[in-house]
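Coordinate analysis (summary)
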Amino acid sequence: MTPPSWRQAPIAAPLPETPSPIRLGLGANWRQFTLLVVVNAFVGAMVGLERTVVPLIAQADFGLVSKTVVLSFLVSFGVVKALANLFAGQLADRIGRKPLLVAGWLAGLPVPLLIIWAPSWGWIVFANVLLGINQGLCWSTTVIMKIDLVGPARRGLAMGLNEFAGYVAVSLSALLTGYLAASHGLRPAPFYPGIAFAMVGLLLSVFAVRDTHGYARAEARQRDSEQSHPGFARVFLLTSWRDRALFAASQAGMVNNLNDGMVWGLIPVLLVVRGVTLDRIGVVTATYPLVWGISQLATGALSDRWGRKWMIASGMWVQAVGITAFVVGHSFSSWMAGATLLGVGTALVYPTLLAAVSDVAHPDWRASAVGVYRLWRDSGYAIGAIAAGLLADAFTIPLAIGAIAALTFVSGMVVAGVMYETLPPQDAFLRSRLSSERGTGSGTLRGSRSPRSPWMP
C-alpha cells in the first residue's frame, strides 16, 4: 500500500509553480516595504545635499545679491518636481511603478557632478531641473508603491514610515554637508556623498524593487467596485476643487511646501546675516527635517486612529508658530525652537495629507489623484521661492518670513472650515465621530457622497 505521505505528494508538487496570491498588508509585504523605505531614504538624501549649502554658494561663488535670483534654483526645482509628480501619477496607472522609479534615478545621477563643476549659476539651476525630475518620479513612486502594498487599513502608518525615512535622510544629509562645508569649503566636498546616494538608489531600484501595480488592481477587485476609471480631466478637477477634502489637502500641501521652500532658501541667508557660523547653520537646517522625519513615525500611525482633518489643521498652525520664532528670535536656542516646532507641525501634516488623498481616491485612479495632489503640493516650492524672494528684495527677509507664517496659519483655517473627515470608520469610536460630523453638516460632500463612502461615484 502507498504510504499516506506519498499519496499527498501530487497535491503538493504543483505548488512551487503556482504564483502566490497577492496579499495586502504591511505584515505580508514587509520585505518589499522595507526595501522601499530604504530607497526613499536615498531619495531624501539627494535633496538634503542642497538644504544648507546651495543658497550660500549663490552669494559666495557667484556674487548673487538679489534674493529672487538666489531662489531661482528652487523655482526650477519646484516647477519640474510638480510636473514630474503629475506625470508620475498618470504613468504609474498606465505602465506600472518600477519603470518610473528607475527613470527618476537616472535623472538624478548627474546632479552632484553638475553642482561640483558649475562655472555659472545657470548650471545650478539646471541641476535642480534634474533634481526635480529625480524627486518627482522617485518619491511619488515610492509613495504609490507603499500605498499599494499596505492596502486600506494602515495608510497613515505607511506614509509615516515613508516620510520618516525620506526626511531623516534629508536632515542627516543637510547636517553632513554643513560640516563638510565648514571643514573643506562650499564645493566640491559637500556633494561627493551625492554620487554614492544616486548610485546605490539606482542599483536597488533596478535589481531589488518589484512592481506593485498588481496590488492596486487586487484591492480594487476585493472592494468589488464596478466604478469605471474616470478620465484624467475629471480626476484633476476632483482632486483640485470639486471634492472638499481633496481641495483642502491640495491647498494645505501647497502652503506646506511653500513655507518649506522659504525655509530652504531664506533661513540660511538670514542666519548668515545674523553672524551664525556654517556648522551651526547646518545644525538648525538639519533639526527641522530631523524632527519632521522622526515625528512621522508617530503622527502617521496616529492619523489611522484619530483621523486626518484635525491633525492637518493643527499641524499648519504649529508650523506658523515655528516660522514666527525665526523672526522674533535672536538667539541660537530660539532658532532651534523654531526649527523643532516647524518639524513637529510638518510631521502632523505631511503623511496625513497623503493618507487623506488615498482614503478618498479609488484604487483604479489613486496614483493619478496622488500625482495631482503632489503637483499642487510641490508647486509650493516655486510659488514660495518667488514670493519670498520678491518680498525679501522689496522689504526685508524677516518680513518675507512673517508673511509666509501668516499664510500658513490661514491655510490651517481653510482645512478646519472646509475639509471633512476622510478616515474610513473602523471602530465604534470613529463611527460615532463621523456620525457627529454628519449631524453638524461638515461630514458630507456637497451633492456627491457621505464620508463613509471613500470613493467618488
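Use the structure listed above.
Below is a short write-up of the structure. Not measured: the values here are computed from a predicted model.

Rules of the game
Residues numbered from 1 in each chain as written. Predicted model: local features only at pLDDT ≥ 70, side-chain atom pairs only at ≥ 80, totals over all residues. Heavy atoms only, no water. Helix = DSSP H or I, 4+ residues; strand = E, 2+ residues; numbered from the N terminus. Contact = heavy atoms within 4.5 Å. Areas by Shrake-Rupley, 256 points an atom, 1.4 Å probe, with all protein chains shown as cover. Patch = residues over 30% accessible without salt bridge, like charges linked within 9 Å, V, L, I, M, F, W, Y side chains within 5 Å. Salt bridge = Lys/Arg side-chain N within 4 Å of Asp/Glu carboxyl O. Buried < 20%, exposed > 50% of the residue type's maximum accessible area, 1.4 Å probe, protein only. Phe/Tyr/Trp six-rings, centres within 6.5 Å; stacked < 30°, edge-to-face > 60°. Lys NZ or Arg CZ within 6 Å of the ring centre and 35° of its normal. Axes fitted to C-alpha atoms, helices over the stretch in contact; angles between N-to-C directions. Parallel < 35°, antiparallel > 145°, perpendicular 65-115°, else oblique. Nonpolar A, V, L, I, M, F, W, Y, C, P; charged D, E, K, R; others polar. Core = buried A, V, L, I, M, F, W, Y, C linked by side-chain atoms within 4.5 Å.

Glancing now at the overall build of the protein chain. On a plain count of helices and strands, the protein chain comes out with 20 helices and zero strands. Residue pairs at least 24 apart in sequence account for 85% of intrachain contacts in the protein chain once pairs closer than 6 positions are excluded. Counting every atom, the protein chain has about 17100 Å² of accessible surface; 68% of that belongs to carbon and sulfur.

As a further point, take a nonpolar patch on the surface. The grouping of Tyr192, Ile195, Met199, Leu203, Val206 and Phe207 at the surface amounts to a nonpolar patch, some 580 Å² of accessible area in total. Note on placement: Tyr192 falls in helix 11 (residues 192-207). Residue Tyr192 is classed as partly exposed on the basis of its relative accessible area of 48%.

As a further point, take the packing of aromatic side chains. Using the criterion set out here, one finds 16 aromatic pairs in the structure. Centroid distance Phe42 to Phe197: 6.4 Å. Interplanar angle 50°. Geometry classified as tilted. Of this pair, Phe42 sits in helix 3 (residues 30-48) while Phe197 sits in helix 11, placing them 155 residues apart in sequence. Given the relative accessible area of 15%, Phe197 is considered buried. Considering the side-chain rings of Phe73 and Trp121, the 6.0 Å spacing of their centres and the 85° angle between planes classify their relative orientation as edge-to-face. Of this pair, Phe73 sits in helix 6 (residues 72-95) while Trp121 sits in helix 9 (residues 121-150), and the two are 48 residues apart along the sequence. Overall, Trp121 belongs to the buried group, its relative accessible area being 10%. By the ring-pair criterion, three or more aromatic residues cluster together here, those being Phe62, Phe73, Phe77, Trp121, Trp264 and Tyr381. A cation over an aromatic ring shows up here: Lys146 above the ring of Phe33, its NZ or CZ 6.0 Å from the ring centre. Sitting over the ring of Phe332, Arg280 keeps its end group 3.9 Å from the ring centre.

It is worth spelling out the packing of helix 10 (residues 155-184) against helix 15 (residues 278-306) at this point. Packed helix pairs are specified by the crossing angle of their axes together with the interaxial distance, meaning the distance between the axes. Where helix 10 meets helix 15, the axes come as close as 7 Å, and the angle between the chain directions of the two elements is 170°. With respect to helix 15, the axis of helix 10 lies roughly antiparallel. Tallied by class, residues from the contact of helix 10 with helix 15 come to 20 nonpolar, nine polar and four charged.

With 117 residues, the main nonpolar core has Met46, Trp105, Phe191, Met262, Leu266 and Ile401 as its most contacted residues. The greatest single-element share of this core, amounting to 15 residues, is contributed by helix 14 (residues 244-273). Residue contacts for Met46: discarding those within four places in its chain leaves Trp105, Gly108, Val111, Pro112, Leu131, Asn134, Gln135, Gly194, Phe197 and Ala198.

Without other data, these values stay purely geometric and don't point to any function.
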